[in-house]
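Secondary and tertiary structure notes
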Amino acid sequence: MEKVKPLLSDGTLWIPGSYSSFSSNYDSLFYFIFWLSVIFTIAIVGVTLYFSFKYKRSESNLVAKKQIVHNNKLEIIWTAIPFVIVMFIFYWGFKDYLYMTVSPENAYEVRVTGKKWFWTYEYPETGVKTVGELVVPVGRPIKLVMSSTDVLHSFYIPNLRVKRDVVPNKYSNLWFDVTQEGIYQIFCTEYCGDQHSNMDSKLIVKSYEDFLDWMEEQKRGASKDVPLDLLGKKLYKEQGCNSCHSLDGSVVVGPSWKGIYGAQRLLADGSEVKVDDNYLRESIVYPAKKIVKGYPNIMASYAGLLSDREINGIIEYIKTLK
Ligand code: CUA
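All of these numbers come straight from a predicted model, not from anything done at the bench.

Conventions we followed
- Residues numbered from 1 in each chain as written.
- Predicted model: local features only at pLDDT ≥ 70, side-chain atom pairs only at ≥ 80, totals over all residues.
- Heavy atoms only, no water.
- Pairing = 2+ DSSP bridges.
- Helix = DSSP H or I, 4+ residues; strand = E, 2+ residues; numbered from the N terminus.
- Axes fitted to C-alpha atoms, helices over the stretch in contact; angles between N-to-C directions.
- Phe/Tyr/Trp six-rings, centres within 6.5 Å; stacked < 30°, edge-to-face > 60°.
- Buried < 20%, exposed > 50% of the residue type's maximum accessible area, 1.4 Å probe, protein only.
- Lys NZ or Arg CZ within 6 Å of the ring centre and 35° of its normal.
- Core = buried A, V, L, I, M, F, W, Y, C linked by side-chain atoms within 4.5 Å.
- Domains from an automatic or database assignment.
- Contact = heavy atoms within 4.5 Å.
- Buried area = accessible area lost by both parts, 1.4 Å probe.
- Salt bridge = Lys/Arg side-chain N within 4 Å of Asp/Glu carboxyl O.
- Polar contact = N/O pair within 3.5 Å; in protein donor to acceptor, adjacent residues only side chain to side chain.
- Nonpolar A, V, L, I, M, F, W, Y, C, P; charged D, E, K, R; others polar.
- pLDDT = per-residue confidence, 0-100.

What follows is about the sheet that holds strand β7 (residues 162-166). Spatially, five strands are ordered β4-β10-β9-β6-β7 in an open sheet, and the strand pairing comes out mixed. The open sheet has two free edges, formed respectively by β4 (133-137) and β7, since each of these has just one partner strand. Averaged over all pairs of adjacent strands, the angle between their axes in this sheet comes to 20 degrees, without regard to strand direction. Relative to strand β10 (residues 201-206), β4 runs parallel, the two sharing five bridges.

This is the structure:
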């Protein structure tokens, strides 16, 4: 598979490579403000230094020769010029902001849900759901309708210059198009707890034909012929299980998967449970029902996100982790 577009070596020192139809406008404004700031910084520091030396207190220059208290011409100039510059930046920024905010009528809609600590995507047209991978066709406007099931998150694709907060009990929108096929990095950019820095995701941009093929494959319940434990292994990463459950016995957020199958666990309510297929299935679909003692009750339900076969795959994978 193609590599994820690098954020540091692609683009310039200041901003990563630009791959959206509006990102070049965005960059122009960024560089305009950037260079304007550089020019003003040099000018202001330069004049300050020059005057500091020129009017330095010295033996021959002990008393001010005259006091200037007011200068209308100067005041008008230094008010008018910044006003024009600032209004120009406002006009430019607002124009682009409107363009980036109002999505085109024909935009392809995808619903996005932020959850501690992963992103899920749903394609309303087909009912297909994915976790951790947003797949879209190249060159088409895509509109995201986003919400969160727990805390504030923020959806950010640096290469496309789009970022918007994702808030519980409310929908926020964002639209973009991508000019080049490839894989792009998506980040959560609002601190949302322990695993915030691991709440990343991939934007996979395919040609329209490949996108349609991919969608067909998803509809057929993809990867039917992958052996169950391998399917589980793949899902472990794709579904974000890895952000809370380790494979080596270490505690991340939830219990490690290593060696749990067949073990007896002590629950928060004092009862005991044997980790078997039914318990694992219940813990995936209704995570809050039986909490292992000593762990927080924070896992989100995967009901509706995983097919039966995928749940079986995860259970089979856990069985292999002796
Ligand atoms: Cu979600 Cu940070």
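On we go from here.
Below, the discussion takes up the packing of aromatic side chains. Applying the stated criterion to the full structure yields 24 aromatic pairs. A centroid spacing of 5.0 Å and a plane angle of 85 degrees characterise the contact between Phe-34 and Trp-35, whose relative ring orientation is edge-to-face. Judged by its relative accessible area of 18%, Phe-34 is buried. With relative accessibility at 48%, the residue Trp-35 sits in the partly exposed group. Ring geometry for Tyr-99 against Trp-175: centres 5.7 Å apart, planes inclined by 70 degrees, an arrangement best described as edge-to-face. Taken together, the residues span a long stretch of sequence, with Tyr-99 in helix α2 (residues 72-101) and Trp-175 in strand β8 (residues 172-176) at a distance of 76 residues. Across the ring face of Tyr-171, the terminal group of Arg-111 is positioned such that the distance to the ring centre comes to 5.0 Å. Taking the ring centre of Tyr-286 as reference, the NZ or CZ of Lys-289 above it sits at 5.1 Å.

Counting residues in hydrophobic clusters, the biggest one holds 40 residues, and the most contacted among them are Tyr-123, Leu-134, Leu-144, Phe-155, Ile-157, Phe-176 and Leu-203. For this core, the leading source of residues is strand β9 (residues 182-188), giving four residues. Ile-260, Ile-284, Val-292 and Ile-315 belong to the second-largest nonpolar core, a separate cluster that totals 25 residues.

Attention shifts here to the domain arrangement of the protein chain. One can read the domain layout of the protein chain as domain 1 (23-101), domain 2 (108-220) and domain 3 (225-319). Of note, the centres of domain 2 and domain 3, computed from C-alpha atoms alone, are 25 Å apart. Counting residues at the interface gives nine residues for domain 2, matched by 12 residues for domain 3. In this assembly, domain 2 packs against domain 3 so that about 970 Å² is buried in total across both faces, 62% of it on carbon and sulfur atoms. In this structure, the connection of domain 2 to domain 3 is made through zero salt bridges. Applying the counting rule to domain 2 against domain 3 returns two residue pairs in polar contact (both at pLDDT 80 or more). Counting residues per element, the ones that place at least two in the side of domain 2 that touches domain 3 are β2 (118-123) and β3 (128-131). In the side of domain 2 that touches domain 3, the residues fall into three nonpolar, three polar and three charged.

This brings us to the confidence of the model for the protein chain. Put simply, the protein chain has an average pLDDT of 89, and 98% of its residues get 70 or more. When mean pLDDT is compared element by element in the protein chain, strand β6 (residues 153-157) scores highest at 96, while helix α6 (residues 308-320) scores lowest at 84.

Let us look at the side chain of Gln-185. As for its placement among the helices and strands, Gln-185 is situated in strand β9. Within polar-contact distance, the side chain of Gln-185 engages the backbone oxygen of Ser-201 at 3.5 Å. Those residues in contact with Gln-185 that sit more than four places away from it in its chain are Val-4, Leu-7, Tyr-156, Ile-157, Pro-158, Asp-200, Ser-201 and Lys-202.

Let's shift gears to the pattern of salt bridges. Working definition: two side chains of opposite charge can pair if their charged atoms are close together. The tally for this structure, following the rule as stated, stands at seven salt bridges. Among the salt bridges present, the one from Lys-319 reaches Asp-277, with a minimum N-O distance of 3.2 Å. With Lys-319 in helix α6 and Asp-277 in helix α5 (residues 277-285), the pair connects residues that are 42 residues apart, well separated along the chain. We classify Asp-277 as partly exposed; its relative accessible area is 29%. One network of salt bridges, in which partners are shared, links Asp-277, Glu-316 and Lys-319.

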